[in-house]
Every structure is written in structure tokens, then in C-alpha cells.
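# Survey of secondary and tertiary structure
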Amino acid sequence: MTDRAPLVELQDVSAGYRGRRVIDGVSLSLRAGELTVIVGPNGAGKSTLLKLMTGELAPGAGRVLLGRQDIAHLSPAALARRRAVLPQSSALAFPFTVAEVVRLGLEAGGRRHDPKAVARALARVELEGFAGRFYNELSGGERQRVHLARVLCQIGEPVEAGEPRLLFLDEPVSSLDLRHQLGVLAIAREFAEKGGCAVAILHDLNLATAYADRLVVVAGGRIDADGTPATVVRDNMLRSVFDVTLRVGVVPPAGVPFVLPQSERRG
Ligand SMILES: Nc1ncnc2c1ncn2[C@@H]1O[C@H](COP(=O)(O)OP(=O)(O)OP(=O)(O)O)[C@@H](O)[C@H]1O
Ligand SMILES: [Mg+2]
């Protein structure tokens with residue numbers, strides 16, 4: 001049975017950068033067994049919210065709990081064993097091979113070097129045969145998948161020693177072709193279904209509605225909507241949050257909502 005107590009809890013959290021408030025009084029709980037997708041406009045505060053959940057950014061006001069502990073009191077090593085983060089962008093200063101980048105995940109998670117774990121993670125993101133290639137000679141989508149393999153090596157299994165792990169993905173499919181977009185979201189889903197807690201920031205609302213158990217809409221540093229995709233994705237939300245006029249359709253029989261822009265071409 002999945003423990004339904006919150007794994008991560010934001011209690012009335014505000015935060016920002018150099019005195020400018022970006023997150024404004026947000027309360028939110030994440031549970032094991034759920035894939036939560038966060039959507040919202042550019043600059044809304046999604047990545048900042050993620051950084052608060054992962055302990056990378058300290059709140060200016062309010063508290064962030066991981067389990068029952070204040071996240072600020074956990075050591076970096078303890079934090080790295082419990083949760084792994086795929087950042088929105090990653091730069092590497094040295095000419096690492098793919099295997100070396102993925103191995104960094106094992107080290108971050110306090111795990112022993114294990115070439116089989118590296119190979120498994122690379123296979124998981126369909127990068128078999130890439131281990132010896134140089135990271136900085138890869139395409140954008142290949143690089144993004146290398147980092148996901150690194151993060152998967154760090155976090156290991158969704159539940160270890162009876163404790164659910166957390167996987168945070170900030171725009172994990174932004175450089176990927178359609179097949180790999182679906183592959184990466186299937187990994188996040190499986191992580192949640194096996195008892196972990198998965199959070200992904202996405203811009204593609206159709207991917208979000210297809211994969212999310214729960215959809216959180218962030219706008220202007222606050223949570224505008226939070227619920228199942230069917231309750232959250234509505235014409236008026238698209239208008240008020242994204243400033244677009246689009247009709248929401250529904251895919252039968254499950255009733256999953258979808259949005260499709262109309263062609264702007266004339267004649
Ligand atoms: N390190 C930083 N220093 C100063 N301001 C920042 C920093 N990071 C983000 N901001 C600002 O905070 C606001 C929220 O940024 P954030 O990265 O959380 O947005 P986002 O919702 O993830 O957007 P996007 O969809 O473009 O990734 C933006 O106005 C941004 O310019
Ligand atoms: Mg962002």
C-alpha cells in the first residue's frame with residue numbers, strides 16, 4: 001500500500017530573487033504514487049517552484065517539508081539520496097564521455113560505480129552504443145536523454161528501503177522527438193506507478209493531460225488550478241492563464257481533454 005502522507009509539503013511559501021518576489025504564498029503537497037505535471041506561461045515561476053520543492057532554493061517565507069523534516073535541515077547527501085532533479089538546462093565544462101556523465105548520477109546518489117547500472121540507464125533512454133561518445137558531440141535531444149539517464153542512475157528504484165523516492169523533471173521533453181517524448185513520460189509514469197513521486201514541468205498541454213494524474217497550473221507565482229486534467233483544462237483557463245482562445249476537446253472513451261490550435265492560413 002502506498003503511504004498517502006505527503007512526501008513534500010510547501011506551507012505558504014514565498015520566494016524570489018534579489019528581493020523580487022516570484023512565488024507568492026504557495027501551499028502544495030505531493031504524494032507517492034502520483035505523476036504531477038506543472039504547466040504555466042514562461043516566467044510564471046514553475047522552475048522556481050520546482051527548486052523550492054527540491055531544496056535548491058530556500059523560501060523567503062513559509063516552510064518546505066520533505067517527509068516530516070524541514071528540507072533546509074537535510075544534508076546535500078541525504079537530499080541526493082531521496083530526490084533527483086533534471087534541470088531545465090545543463091552545461092558541462094569538460095569533455096566528458098556519455099558514460100562518465102551518467103556515472104556522475106551514481107556518485108551523486110551515493111552509489112557504487114556499476115557499469116551495468118550505467119548501461120541499463122542508457123538503454124532506458126534508447127542510447128545503447130553511446131557510452132563512449134563525447135557528450136559535447138551529441139545532438140540536443142541526445143544530450144537531454146543522457147542527463148535523464150544520469151538522473152535515473154542517481155535515484156535508482158522508485159522505492160528503496162521502504163522509502164518512496166522523488167523524481168523532478170524540468171521540461172524533460174523540450175528537445176525530444178515525439179517517440180522520445182512519449183518514452184520519457186512513460187518513464188515518469190512508471191516511476192509513479194511503482195510507488196515513487198514524479199513531478200514534470202511541461203509546455204505541451206496534450207502530453208500533460210495524457211500522462212498526468214494531477215495537473216498544477218502556475219501563473220504569476222501562484223497556483224491557478226490544481227486537479228485532474230479533466231477538471232483543470234478548460235476554455236476559460238486557457239484564456240485567463242495562457243491568453244489564447246482555443247476550444248478544449250475530449251478524447252473518448254477515457255474523457256482526456258485535448259487542445260488543438262486552428263490553422264491560421266487563409267484560402
Ligand atoms: N536566478 C535568477 N535570478 C533572477 N531572476 C530569476 C532567476 N531565475 C528566474 N528568475 C525570474 O523569476 C521568474 C520566474 O522564473 P522561472 O524560471 O521560475 O519561470 P518558469 O515558469 O520556469 O518559465 P519558463 O517556462 O520560461 O521556464 C522570471 O521572471 C525569471 O526572470
Ligand atoms: Mg522553467
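Each remark here, short or long, concerns the structure printed above.
The present account deals with the structure reproduced in this document. The numbering scheme is per chain: residues are counted from 1 as the chain's sequence reads. As they are written, the chains are lettered A onward and the ligands numbered 1 onward, keeping that order. This being a predicted model, a pLDDT of at least 70 is required before a residue's local features are given, and a value of 80 or more before pairs of side-chain atoms are given or counted; all residues contribute to the totals for chains, interfaces and linings.

## A look at the overall build of the chain
Scanning the chain for helices and strands turns up nine helices and 14 strands. The C-alpha radius of gyration computed for the chain amounts to 19 Å, which stays within 12% of the reference 18 Å derived for 267 residues, consistent with globular compactness. Overall, the C-alpha framework of the chain stretches about 55 × 50 × 45 Å when taken along its three principal axes. Relative to its 267 residues, the chain shows a buried fraction of 39%. Taking the intrachain contacts of the chain between residues at least 6 apart in sequence as the baseline, contacts between residues at least 24 apart amount to 67%. Each helix is a run of DSSP H or I of at least 4 residues and each strand a run of E of at least 2, with the numbering of both proceeding from the N terminus. With the radius of gyration taken over C-alpha atoms, the globule rule is written as 2.2 Å times the number of residues to the power 0.38. Three classes are used. A residue is buried when 20 or more other C-beta atoms lie within 10 Å of its own, exposed when 12 or fewer do, and partly exposed in between, with C-beta atoms placed from the backbone. Throughout, a pair of residues is in contact if the C-beta atoms placed from their backbones lie within 7 Å.

## Some words on helix α5 (residues 140–155)
With 16 residues, α5 should cover 22 Å at 1.5 Å per step; its first-to-last C-alpha distance of 23 Å lies within 8% of that length. Across the 16 residues of α5, 12 count as buried, placing the element largely inside the fold. Here α5 has its buried residues at Gln144, Arg145, Val146, His147, Leu148, Ala149, Arg150, Val151, Leu152, Cys153, Gln154 and Ile155. Tucked inside the fold, the buried residues of α5 contact α2 (76–82), β6 (83–86), α3 (98–108), α4 (115–124), β9 (166–170) and α6 (178–193). Looking one or two residues past α5, Gly156 carries a phi angle of roughly 70 degrees, positive in sign. In this analysis, the expected span of each helix is defined as 1.5 Å times one less than the number of residues it contains.

## Brief notes about the sheet that holds strand β4 (residues 61–66)
With antiparallel pairing, four strands are arranged side by side in an open sheet as β2-β1-β4-β5. Either end of the sheet is taken by a strand with one partner, and the two such strands are β2 (20–30) and β5 (69–70). In terms of strand pairing, strand β1 (residues 8–17) meets β2 through seven bridges, oriented antiparallel. Note that in β2 the partner of Val13 across the bridge is Val26. Helix α1 (residues 46–54) contacts β1, β2 and β4 of the sheet and is inclined by roughly 125 degrees relative to β1. Should DSSP find at least two bridges between two strands, the strands are taken to pair. Here, axes are lines fitted to C-alpha atoms. For helices the fit covers the stretch in contact, and angles between N-to-C directions go from 0 to 180 degrees.

## Re the sheet that holds strand β3 (residues 35–39)
Taken in spatial order, the six strands make up an open sheet running β6-β9-β10-β3-β11-β12, and their pairing is mixed. Each edge of the open sheet carries a strand with a single partner, namely β6 and β12 (222–227). Neighbour to neighbour, the strand axes of the sheet diverge by 15 degrees on average, direction disregarded. Sheet topology note: the β3/strand β10 (residues 197–201) ladder contains four bridges and is parallel. Bridge pairing in β10 places Thr36 opposite Val199.

## Topic: the site of ligand 1
All residues in the neighbourhood of ligand 1 are listed as Tyr17, Val22, Gly40, Asn42, Gly43, Ala44, Gly45, Lys46, Ser47, Thr48 and Gln88. Broken down by element, the shell around ligand 1 gets its largest block of residues, three residues, from α1. In terms of residue class, the shell around ligand 1 is built from three nonpolar, seven polar and one charged. We call a residue near a molecule or strand when the C-beta position, derived from backbone atoms, sits within 6 Å of it. All residues other than Ala, Val, Leu, Ile, Met, Phe, Trp, Tyr, Cys, Pro, Asp, Glu, Lys and Arg, Gly among them, are scored as polar; the first ten of these are nonpolar and the last four charged.

## With respect to the packing of α3 against α5
The description of two packed helices rests on the angle between their axes and on the distance between the axes. Look at α3 against α5: their axes get within 6 Å of each other, and the N-to-C directions meet at 30 degrees. It follows from the interaxial angle that α3 and α5 lie roughly parallel. Read as a crossing pair, α3 and α5 show a hand that is right-handed. Listed contacts from α5 to Val98, Val101, Val102, Leu104, Gly105, Leu106 and Ala108 of α3 are Val146, Ala149, Arg150, Val151, Cys153 and Gln154. Reported orientations rely on four angle classes, namely roughly parallel under 35 degrees, roughly antiparallel over 145, roughly perpendicular from 65 to 115, and oblique for the rest. Rotating anticlockwise by less than a right angle from the far helix to the near helix defines a left-handed crossing, while the corresponding clockwise rotation defines a right-handed one.

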